[in-house]
Amino acid sequence: MGLEDHERKHNRMMRRYGTECCVLLKKDGNFPLSASADIALYGNGARNTIKGGTGSGEVNSRFYVTVEKGLERAGFRIITGEWLDSYDEVAAKAKEDFINNIKKEAKENHMDVFNFAMGRIMTEPEYEIPITVECKTAIYVLSRISGEGADRDGIAGDILLTDTEKRDIALCNEKYENFMLVLNTGGVVDLSELGDIKNILLLSQLGVKTGDTFADIVLGRSNPSGKLATTWTAWDKYPRIGTFGEKDDTEYRKASM
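Residues numbered from 1 in each chain as written. Predicted model: local features only at pLDDT ≥ 70, side-chain atom pairs only at ≥ 80, totals over all residues. Heavy atoms only, no water.

1. Overview of the nonpolar core
Of all hydrophobic cores here, the largest spans 49 residues; its most connected members are L41, Y42, L71, I139, L181 and F214. Secondary-structure elements contributing two or more residues to this core are β2 (38-42), α2 (67-73), α3 (81-108), β4 (137-144), α5 (163-175), β5 (178-185), β6 (200-202) and α6 (210-218). For F214, the contacting residues outside a window of four places in its chain are V67, L71, I139, M180, V182, L201 and L203. (Core = buried A, V, L, I, M, F, W, Y, C linked by side-chain atoms within 4.5 Å. Buried < 20%, exposed > 50% of the residue type's maximum accessible area, 1.4 Å probe, protein only. Helix = DSSP H or I, 4+ residues; strand = E, 2+ residues; numbered from the N terminus. Contact = heavy atoms within 4.5 Å.)

2. Concerning the environment of Q205
Position of Q205 among the secondary structure elements: in the loop between β6 and α6. Assessed through its relative accessible area of 19%, Q205 is described here as buried. Remark: the alpha-carbon pair of Q205 and A94, spanning 111 residues in sequence, is separated by 23 Å. Discounting chain neighbours no more than four positions away, the residues touching Q205 are I50, K51, G52, G53, R144, N184, T185, G186 and T210.

3. Digging into the pattern of salt bridges
For the coordinates displayed, the defined rule picks out 21 salt bridges. The shortest N-O distance in the salt bridge between R77 and D38 comes to 2.9 Å. One end of the pair, R77, is in strand β3 (residues 77-78); the other, D38, is in strand β2, and 39 residues separate them in sequence. Given the relative accessible area of 51%, R77 is considered exposed. As a salt-bridge pair, D85 and R47 come within 2.7 Å of each other at their nearest N and O atoms. Of this pair, D85 sits in helix α3 while R47 sits in the loop between β2 and α2; the two residues are 38 residues apart in sequence, bridging distant segments of the chain. (Salt bridge = Lys/Arg side-chain N within 4 Å of Asp/Glu carboxyl O.)

Laid out in structure tokens, this is it:
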């Protein structure tokens, strides 16, 4: 189905202003690139880019542009198709197991599956997919989903990185001359264990034109000029007062001095 004129206008505006919602957290001068080229693309958000959150943060749309598709539309050649295919298989199996466990737990707790699953998210699985492709430029897209109904957790695969992610990001940072870590997330992710990463972009979740907006940033057509709206630090550095933050019984009181 073709787009209406008002939809085309809206999408152009989203692409134009989307980069004002992005923040370049670290840079070494190797980005933006001067022209499209071969790219080694990795990460759970490369092909399964998150355009919005869950619950009220999600909308049904007729299309959306992933990071992979956005780079291809901009003339880049993705040379890690086998890696992305292998990850898709891992993710599909993890999602199947996650859904089956939700159904099982809901039944054991005599609850409706929909209400029991509200706010629950699948943490990123561990996996062994070798990173062997040789080229000059690599991009790793780290995605995290979140939404209404539950707080995020300080566990691996959610706020914390998995061992797989830490290993693969560090390897890409060392292996490739031009490397960028892209954060496709609506909330904080603890990056404290990564060490010195060359380039880090907070892409955020920009709706249906996310991939096109990212390609514009990579090629220097738009400037990621946003500002952080939250404080990013190591998970264990956030202040905690008494029982504040307990999921089932939070007591609001003054901290003892």
